[in-house]
Each structure stands twice: as C-alpha cells, then as structure tokens.
Amino acid sequence: MADRLQGVNITPSANAVARPMARAEQVHTQSGIGDFLTGLGKLNPAIQQLGQTLQVANNDPQQRIDEAARIQFQTMGKSSADIASIDTRSMNERELRALGFRQGTAMANEVQLKMQQEIASAPPGSIDVDQLYAKYQQEASTKFNGNSTAMRGWSETMDPFLGQMKQGVLKDGVKEQLTQRAATVQAVFSAEWSKVAASNPGDMTAGLNAITKMAKENAQFLGMSMEEQGNVLKNIVSQASLAGDPTQVQALGEFDVNGQRLKNIMGPVFDNMKIQAANKAEDNRQRRMQPLISEWTFNAEVGALDAVTMHHMDKEMKAGNLPRGTYAQIIAKNRNALEKQRTELYQEQKRLAGSQYIQYVEPDLIQQAADGTLPALQSDDTILPLDDGTFVTVQSKDKIERGLTGAVEIRSRYKVEALGKDATPEQRAAAKADAEIEVYAANGMLPEAQKKSAQALLRRSNADFEVTDADRAGVGDLMRIAKHADGLIDEVVQSDKDKAFVYTLTSLAAIGPVDDAIRQARQARANYDSRTPLSGKALDETVDKVTEFLKVDQEGYLWNDTSGWGNDVSGMIKKQIRALQGVELSGDELAKTVARVIKANTTKYDGFIIDTQGLPINDPAQFNSMLDSVTNTIKADPKYKDADITYLRNGQDSSFVPMVFYKGVPTPIPGLRYTFKQIQRTYNDVVKADPQKRFDQNIKRSEENRTAREMRQMSPF
C-alpha cells in the first residue's frame with residue numbers, strides 16, 4: 001500500500017539491551033568426505049593425497065570467513081520469508097547452516113516488533129508475555145521444521161529480549177517509541193494534507209478523505225486506534241490554526257473518531273481555533289499581498305505589467321486574495337500607461353518626422369531668414385505624409401524659429417570674430433544681441449527677450465525708481481530696437497509719452513552715462529504734458545547757439561574749428577531742442593546738449609551733415625564708408641564720373657537721395673533714391689572679400705520692402 005506509514009521504529013532505544021548480530025555457526029574441522037578419502041588412502045597413496053588436499057582446503061580459515069561474508073551479504077536487510085527463497089543449490093554444508101542461522105535471527109527480529117506493537121496497543125497489564133512468546137515460538141518451530149541452526153538463531157536473539165520484557169526494561173522504551181510513532185504519524189498526516197491540498201485547491205473534502213483513509217490503514221497495520229490518531233489530529237488542527245489555514249481546521253474538524261466528529265470532541269477549543277485561523281489567514285494575506293500590490297501598482301503606472309504578472313494577479317483575485325476593485329484599478333493603470341506611451345511614441349514619431357523635415361530644409365530656412373523673406377515664405381504649415389498613412393503637421397512657427405535661430409547663430413559668430421581676440425565679454429555679448437535684433441528686424445520681428453526687457457524699462461519709466469541692472473539692460477535692448485528695428489518700435493512704445501521717453505533716452509545715452517540718461521528720460525516723460533515748447537526769438541537764439549557749438553572743436557566730436565556744411569541743419573537742431581526741452585535744460589546747457597546729441601547722431605559727407613539717428617550702425621563715421629560704395633557705383637556712369645556727390649536724408653522714410661553740385665547748388669540726381677538696406681547691400685558687395693567684414697555677408701539682403709511707416713523717425717515732435 002503506497003500511502004501506508006512505512007517502517008515505524010518502535011524498538012527500545014536508550015534502555016534496551018542491544019540485540020546480538022547474526023553469526024555463522026561453528027563447524028567441525030573434519031568432514032565426512034575427508035575421513036572417507038583418508039581411509040581409502042591407506043589402500044591407494046594417490047587417493048590419500050587427494051583426501052589430504054581436500055581436508056586442507058576444508059579447514060582454510062580464509063575460506064570460512066569468505067563463506068560467512070557471502071551469506072551475510074545475501075541476507076542483509078531481508079525478511080525471514082525473503083531469506084527462505086534464496087537459491088541454495090551452489091552452497092556447501094557450512095553455508096547452508098549459516099543461512100539457516102540468519103533466517104532464524106531475522107524471524108526473531110520480526111517477532112520482537114510484533115510483540116512490542118501488541119504490548120503498546122493493549123491496555124497496561126493485559127498481555128501475558130510468556131503466553132505471547134510461546135505463541136510465536138510455536139510459529140517459528142513450525143516454520144523451520146526441525147532446522148536446528150535456524151532455531152538456534154531464533155533462540156539466541158529472542159532469549160535476551162524475553163528476559164528484558166519480563167523484567168520491565170522495555171517499559172520506558174515502549175512509551176518513547178509510542179511518542180515517536182505519534183509524531184511520525186502526525187508528520188505523515190501533515191505531508192499528505194499538503195500534497196492533496198496542492199492538487200485540489202479549496203477542496204477540503206479531498207484532504208479529509210485522504211487523512212481518513214490513512215488513519216484506517218494505520219489502525220490496521222500499526223495497531224494505532226482512532227482515538228490515538230484523533231489526538232494526533234488535534235495537534236495538527238492547532239498548528240493549522242496558528243499558521244492561518246481555516247480550510248484545514250474546518251476539514252479536520254469533520255474527522256470521524258468512532259462516530260464522533262473531532263470538532264465536537266474538542267468543543268469550544270475548536271471554535272476558538274477556527275476564529276484564530278481566520279484572523280491569522282487574513283493577516284497572512286495582507287502581509288503577503290501588500291508588497292505584491294505595491295509592486296504591481298508601480299509597474300502598472302509605467303505600463304510594465306507582463307502576461308505572467310497579470311496571470312498571477314488573476315489567480316490571486318480568483319483565490320480571494322486580491323480584491324476585484326484593486327485588480328481592476330491596477331489593470332486600468334497599466335492600460336492607461338500603455339495608451340499614454342503609445343500616444344507619446346506616436347507623437348515622438350511625428351516630432352521626429354517633422355524634425356527630420358526641418359533639418360532637411362534648414363539651409364533654405366536660414367537663407368530665407370538672411371534674406372528677410374522667412375515669415376512670408378513660411379507663413380503656411382507643411383503637411384507631411386507618414387508611412388502608416390497618417391500625416392504630421394510642421395507648423396509655420398517652428399520653421400520660422402529654426403530659420404531665425406540658424407541665421408542668428410551664423411551672424412553672431414561672424415560679428416564676434418570681427419571684434420578680434422581682444423574683445424571683452426561685454427562686447428561679445430553686445431555683438432550677439434545686435435546680431436539677433438538685426439536678423440529678427442530683417443524679417444519684421446522682434447526677439448521676445450529684448451522686447452520684454454524694453455517693455456519692462458518703459459513700465460518703470462513713469463516713477464522715480466532707483467536705476468537697476470535690469471533698467472540698464474533694458475536701455476541696451478531699447479536702443480537696439482530703435483536702431484535696428486525702428487519700424488517695429490510701436491510694438492514697444494504705446495503712447496507719445498513713451499516716445500518722448502525713448503527719444504530722450506536714446507539721444508542722451510549716446511553722449512553720457514546710462515543712469516543719467518534714464519533719469520533725464522523719466523523727467524522728460526513726466527514733463528511731457530506741462531512743457532512749453534520754445535518758439536520765436538528764444539528758439540532762434542538757441543538754434544544759433546547750437547550752430548556755434550557744432551563748429552567748436554571738442555574732444556571726441558566729429559568736426560574741427562574749420563568745419564562747415566553746405567546744407568541747412570536748423571530743422572534738425574529745432575527738432576532736438578523740442579525733444580530735450582523736457583529734461584528741464586535751458587540756455588547754454590540746452591544748446592550744448594543738443595549739439596552733442598547731433599554730433600553723436602550725424603556724419604559729414606562732402607560738405608553735408610547727414611542725420612544717422614536710428615540707423616543700425618555702431619559709429620556714424622561708418623556710414624561714410626557705406627556711402628562711398630554707393631558713390632562709386634553712381635560714378636560708374638560716365639555722366640557723373642567727375643561729379644561731387646553728397647546725400648540728403650528724407651526724414652519721412654529714411655531713404656537717401658544722391659545730390660550733385662550744379663552751378664554750386666546741390667541738385668538731386670533724377671530717378672535715384674537709396675534705402676539704408678540698399679546702401680548696406682552695396683557696401684557689403686564691395687567689402688565681402690575683407691575677412692574683418694565678412695560677418696555682414698551672412699545676412700543676404702532681398703529687395704527693399706519695408707514701408708514708409710517702418711522707416712519713419714521715432715521723434716514725436
């Protein structure tokens with residue numbers, strides 16, 4: 001029977017006297033055949049020699065040892081019945097006697113075990129040891145049928161055992177073996193329950209049936225009563241309760257102990273164990289599941305639940321260990337995370353497709369930005385088909401941004417290189433800022449950072465705040481806008497007061513400290529509504545003073561004491577007087593300031609003073625070189641080869657009209673007028689081979705398309 005308890009050892013241990021091992025029977029040193037051959041040898045010497053040889057071999061000690069070892073090996077671990085079935089046809093007389101001795105010893109050992117079981121199972125004092133021994137001795141005698149060596153093996157093994165039984169030596173040993181038997185049965189019951197429960201999860205009937213079947217077999221083969229096994233099961237119920245296995249507790253409570261359920265025998269103790277098992281099971285469930293739920297939730301939030309994990313979750317849910325709501329939430333998190341990832345991957349795919357397209361057309365975008373045609377040419381979005389049949393939209397603003405960024409980078413690099421190695425960090429930063437505004441302005445736009453910086457300065461222009469670093473930075477950005485993008489100044493300047501502030505600030509910042517220019521510009525704004533413009537005689541006298549100051553040689557000025565000019569500059573002077581009158585200057589101070597502003601914002605070209613205020617140049621004298629390039633172009637016409645040419649600025653659109661002296665009177669050349677951009681392009685074409693001026697060539701100029709409004713002067717007067 002495969003499931004029956006095997007080999008339960010209930011033999012005496014500490015107090016038992018050791019049983020004698022089977023030993024080979026002692027035999028005579030002379031055999032019958034040897035005597036017979038010796039007798040014949042008296043008649044025939046050859047026969048006598050053969051007899052002596054056989055007798056020597058028969059008395060060989062090593063041969064005796066080998067024979068005993070063979071018998072012991074053949075019978076080791078075998079029952080008396082198995083020993084009886086051994087083939088003896090090749091054995092000699094000594095081996096047959098030794099085999100019989102081993103068979104008797106084996107049967108004695110078997111009988112000792114039976115007697116111990118009977119004594120242990122019977123009520124104390126109810127067994128007559130002599131009578132029990134006599135019964136088994138009769139069985140042995142019948143079985144061995146007069147085999148003296150077998151009976152001698154039986155007696156030598158059983159006699160000491162019988163003496164011990166009579167003297168009560170085995171009493172404690174038997175008790176110990178009974179305890180060991182109960183522990184072993186308990187272990188086997190537990191193992192059987194675990195095996196059946198694993199193959200039949202949730203079915204407590206299968207486990208109970210298996211335990212009941214084993215108990216009946218134990219009663220039959222081990223002599224262990226159902227009451228004894230019920231006591232063993234009580235221990236198992238207690239262990240199951242402590243371990244938190246309510247299914248095992250409930251199932252074993254139904255165990256039948258001679259017509260009574262184990263749970264009824266245990267009474268309230270069993271009820272308490274049921275409650276304890278349920279509580280412990282829930283505690284175990286929470287302890288086991290909490291780390292799993294945390295791990296599953298974390299993985300679900302990043303969409304990392306695989307099929308194996310979800311199968312595990314489903315299994316735990318069906319087993320009641322994972323609430324359905326929690327299961328659904330985790331699955332939903334994982335699904336949402338995967339959908340989000342798919343969306344992000346799709347968007348990334350679209351972004352990469354758009355980025356690849358922009359990278360492909362980037363040289364064209366940069367060229368368009370340099371030409372000032374980028375916003376016009378890239379005003380529409382670009383629709384790109386993808387391999388999966390969908391489309392990606394490359395927005396106009398992204399194309400414009402990429403083109404502007406590339407053009408600014410190239411222009412900045414050339415402008416910084418043109419400064420030389422000795423340039424300061426401040427100069428390099430200013431050159432980069434200039435490059436940015438130049439590129440943006442060419443495309444009718446303002447850099448957002450510079451625009452916000454200038455607007456912040458204007459917001460603080462109507463109060464008497466301390467001048468901050470942000471204000472100083474705002475002055476630089478505002479002046480760049482006024483110089484390079486005067487047509488876009490309305491995006492920053494919102495009122496005439498703002499214009500008064502800006503005009504005063506840009507005029508004074510060119511000739512003095514920035515902090516003083518900011519304070520005076522704030523004052524001009526504050527006095528804008530209350531000022532009284534100079535007029536009449538006072539205005540004429542101030543103009544005369546300014547005119548005289550323009551002729552005086554002062555350090556840093558453009559003219560010397562012999563300077564003169566062929567055009568009337570009184571209009572320019574009056575404009576500056578009215579603009580600076582708001583800073584509360586008067587008399588000589590006002591005249592000196594106006595003269596300094598004019599000198600800082602004009603250049604003299606062939607006897608004419610030319611207004612350069614608002615032009616994107618770093619030094620008014622630089623404009624002379626630019627005009628030279630245009631003059632040389634004009635003189636390429638034979639009609640003007642030897643003419644003296646100068647220029648007159650049109651204040652309405654900032655264009656320049658070339659003038660020739662005809663009979664001492666400057667006269668416009670018919671059909672010719674140049675915008676600053678055209679002058680700059682002509683200059684760039686002339687000097688583009690010059691490595692110090694190559695930075696001007698990376699911004700390619702298109703046909704002039706700025707309107708008169710964009711080129712007008714900022715002055716509100």
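Quick note: structure is the one above.
Definitions and cut-offs
Residues numbered from 1 in each chain as written. Predicted model: local features only at pLDDT ≥ 70, side-chain atom pairs only at ≥ 80, totals over all residues. Heavy atoms only, no water. Helix = DSSP H or I, 4+ residues; strand = E, 2+ residues; numbered from the N terminus. Buried < 20%, exposed > 50% of the residue type's maximum accessible area, 1.4 Å probe, protein only. Contact = heavy atoms within 4.5 Å. Areas by Shrake-Rupley, 256 points an atom, 1.4 Å probe, with all protein chains shown as cover. Axes fitted to C-alpha atoms, helices over the stretch in contact; angles between N-to-C directions. Parallel < 35°, antiparallel > 145°, perpendicular 65-115°, else oblique. Left-handed = near helix turned anticlockwise from the far one by under 90°. Phe/Tyr/Trp six-rings, centres within 6.5 Å; stacked < 30°, edge-to-face > 60°. Core = buried A, V, L, I, M, F, W, Y, C linked by side-chain atoms within 4.5 Å. Pairing = 2+ DSSP bridges. Expected span 1.5 Å × (residues − 1). Salt bridge = Lys/Arg side-chain N within 4 Å of Asp/Glu carboxyl O.

1. Topic: the overall build of the chain
Then, number 1: Secondary structure assignment for the chain yields 27 helices and nine strands.
Then, number 2: Burial statistics for the chain: of 717 residues in total, 41% are counted as buried.
Then, number 3: Partitioning the intrachain contacts of the chain with sequence separation of at least 6 by distance along the chain shows that 65% fall at a separation of at least 24.
Then, number 4: With an accessible surface of roughly 38,500 Å², the chain has 51% of that area assigned to carbon and sulfur atoms.

2. Quick look at the packing of helix H23 (residues 536–551) against helix H24 (residues 570–580)
Then, number 1: Where H23 contacts H24, the axes come no closer than 10 Å and their chain directions differ by 110°. Classified by the angle their axes make, H23 and H24 are roughly perpendicular. Where H23 crosses over H24, the handedness of that crossing is right-handed. Together, Leu539, Thr542, Val543, Val546, Thr547 and Leu550 of H23 and Ser570, Ile573, Lys574, Ile577 and Arg578 of H24 make up the contact between the two elements.

3. A few points about the packing of aromatic side chains
Then, number 1: Scanning all chains against the criterion turns up four aromatic pairs.
Then, number 2: Geometrically, the ring pair formed by phenylalanine 623 and phenylalanine 656 is tilted, given 5.1 Å between the ring centres and 55° between the ring planes. Here the residue phenylalanine 623 occupies a position in helix H26 (residues 620–635), and phenylalanine 656 occupies one in strand E8 (residues 655–662), the gap between them amounting to 33 residues. Phenylalanine 656 matches phenylalanine 623 in its accessibility class, with the two residues each being buried.
Then, number 3: Three or more aromatic residues joined by ring pairs form one cluster here, namely Phe623, Phe656 and Phe676.

4. Observations concerning the nonpolar core
Then, number 1: Leu478, Phe501, Leu505, Val546, Ile573, Ile577 and Val594 are the most contacted members of the largest nonpolar core, which has 41 residues in total.
Then, number 2: In terms of residue count, helix H25 (residues 587–600) provides more of this core than any other element does, six residues in total.
Then, number 3: Of all hydrophobic cores here, the second largest spans 24 residues; its members include Leu208, Ala215, Val237 and Leu252.

5. Examining the pairing of strand E5 (residues 602–605)
Then, number 1: Sheet topology places E5 next to strand E6 (residues 608–611); four bridges connect them, and they run antiparallel. Following the sheet pairing, threonine 603 is matched in E6 by isoleucine 610.

6. Quick word on helix H17 (residues 396–419)
Along an α-helix, residues three or four apart share an orientation, since each turn contains 3.6 residues.
Then, number 1: Along its 24 residues, H17 runs 35 Å from first to last C-alpha, staying within 8% of the 34 Å computed at 1.5 Å per residue.
Then, number 2: When we look at burial in H17, the residues that qualify are Ser396, Lys399, Ile400, Gly403, Leu404, Gly406, Ala407, Val408, Arg411, Ser412, Lys415 and Val416.
Then, number 3: On the buried face of H17, the contacting elements are helix H15 (324–371), helix H16 (374–377), strand E3 (382–385), strand E4 (391–394) and helix H18 (425–442).
Then, number 4: Of the residues trailing H17, glycine 420 is marked for its positive phi of about 90°.

7. Details of the environment of lysine 234
Then, number 1: Following the sequence through the fold, lysine 234 ends up in helix H10 (residues 226–243).
Then, number 2: Placed 31 residues apart in sequence, lysine 234 and isoleucine 265 show a C-alpha to C-alpha distance of 9.8 Å.
Then, number 3: Excluding residues within four positions of it along the chain, lysine 234 makes contact with Leu262, Ile265 and Met266.

8. Notes on the environment of glycine 230
Then, number 1: Mapped onto the fold, glycine 230 is located in helix H10.
Then, number 2: Separated by 32 residues in the primary sequence, glycine 230 and leucine 262 have C-alpha atoms spaced 7.0 Å apart.
Then, number 3: Apart from residues no more than four positions distant in its own chain, glycine 230 is found in contact with Phe255, Val257 and Leu262.

9. Structural notes on the pattern of salt bridges
Then, number 1: In this structure the tally under the stated criterion is 22 salt bridges.
Then, number 2: With its nearest N and O atoms 3.6 Å apart, the salt bridge here joins glutamate 156 to arginine 152. Taken together, the positions of glutamate 156 and arginine 152, both in helix H7 (residues 148–167) and four residues apart, correspond to about one turn of that helix.
Then, number 3: With its nearest N and O atoms 2.9 Å apart, the salt bridge here joins arginine 287 to aspartate 283. Taken together, the residues arginine 287 and aspartate 283, both in helix H13 (residues 268–301) and four residues apart, mark about one turn of the helix.
Then, number 4: With a relative accessible area of 62%, arginine 287 lands in the exposed category.
Then, number 5: Since its relative accessible area comes to 27%, aspartate 283 is described here as partly exposed.

10. Concerning the sheet that holds strand E9 (residues 665–668)
Then, number 1: If you trace the three strands from one edge of the open sheet to the other, you get E7-E8-E9, paired in antiparallel fashion. The two strands at the open ends of the sheet, each matched to only one other strand, are strand E7 (645–650) and E9. Direction aside, the axes of adjacent strands within the sheet are offset by 45° on average.
Then, number 2: Those strands touched by H26 are E7 and E8, and its axis lies near 115° from that of E7.

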